[in-house]
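A structural walkthrough
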Amino acid sequence: MSDNKPFQSQSMLEAILQSAVGAIITIDTNGSIQTVNPATVRLFGYAETELLGRNVNILMPEPHRALHDGYIAHHMVTGERKIIGIGRDVEGMRKDGSCFPMHLSVSAFEVKGTRYFAGIVHDLSTRSRLEVEVGRQSALFQAVFDYVPEPLVITGIGRQILLANPAASRVFGYEAGELMYNTARAIDAR
């Protein structure tokens, strides 16, 4: 057995913290930031020295900023875990004041009798932009599909009708929605 085991474990933990893709922030029970990793610095735009010792609520937009310390105090008194141990999507705020969607997971831990909280943050901006683009493309498709004067019918396996535009209803004499989930044989017969 080697006496280097505790040192090696500490070195590994430090390497994990420094190389983690997600932002990792530890705070004390007063909300004061104790540690941040490089991903936190990149994500929020603050230097490490600007964050250490500050209240973590500087990384939150209102109304969460004003309410955060009350959440911690409530947890410390009641033990109620509204967010601790549960991941949730929330909004973060960068140094420049811009807000962004993020996923936050919070855990509580104790070191030498002192309680701390660790937050792991993942930026959801890319996902959010993709959702907006998919929504825009979907709306464009729906507009074209609905207003093309020719009948359009989209079928799935077994020629089951999945979509039919208003022109298809007019041409084939069906009410809106009547064609849905029937087979294309229903319009072949007309």
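Up top is the structure these notes are about.
The text that follows walks through the structure, step by step, so that each part is easy to find.

Reading guide: rules and limits
- Residues numbered from 1 in each chain as written.
- Predicted model: local features only at pLDDT ≥ 70, side-chain atom pairs only at ≥ 80, totals over all residues.
- Heavy atoms only, no water.
- Core = buried A, V, L, I, M, F, W, Y, C linked by side-chain atoms within 4.5 Å.
- Buried < 20%, exposed > 50% of the residue type's maximum accessible area, 1.4 Å probe, protein only.
- Helix = DSSP H or I, 4+ residues; strand = E, 2+ residues; numbered from the N terminus.
- Contact = heavy atoms within 4.5 Å.
- Phe/Tyr/Trp six-rings, centres within 6.5 Å; stacked < 30°, edge-to-face > 60°.
- Lys NZ or Arg CZ within 6 Å of the ring centre and 35° of its normal.

Some thoughts on the nonpolar core
Soluble, globular proteins show a tendency: their nonpolar side chains are buried together. Ile 25, Ile 33, Phe 44 and Leu 59 are the most contacted members of the largest nonpolar core, which totals 21 residues. Taken together, the elements giving at least two residues each to this core come down to strand S1 (23-28), strand S2 (33-36), helix H2 (38-44), strand S4 (99-111) and strand S5 (114-123). Sequence-distant contacts of Phe 44, defined by excluding residues within four places in its chain, comprise Ile 25, Leu 59, Met 93, Arg 94, Lys 95, Phe 100, Met 102 and Val 121.

Let's talk about the packing of aromatic side chains
Under the criterion given, the structure shown has 3 aromatic pairs. When the ring of Phe 109 is compared with that of Tyr 116, the centres are 5.6 Å apart and the planes differ by 25 degrees; the resulting orientation is stacked. Judged by its relative accessible area of 31%, Phe 109 is partly exposed. With centroids separated by 5.3 Å and ring planes inclined at 25 degrees, the aromatic side chains of Phe 141 and Phe 145 adopt a geometry described as stacked. Residue Phe 141 and its partner Phe 145 are located together in helix H5 (residues 125-147), separated by 4 residues, close to a single helical turn. In this arrangement the basic side chain of Arg 94 is found over the ring face of Phe 100, its NZ or CZ atom lying 4.1 Å from the centre.

Geometric values such as these leave the question of function open.
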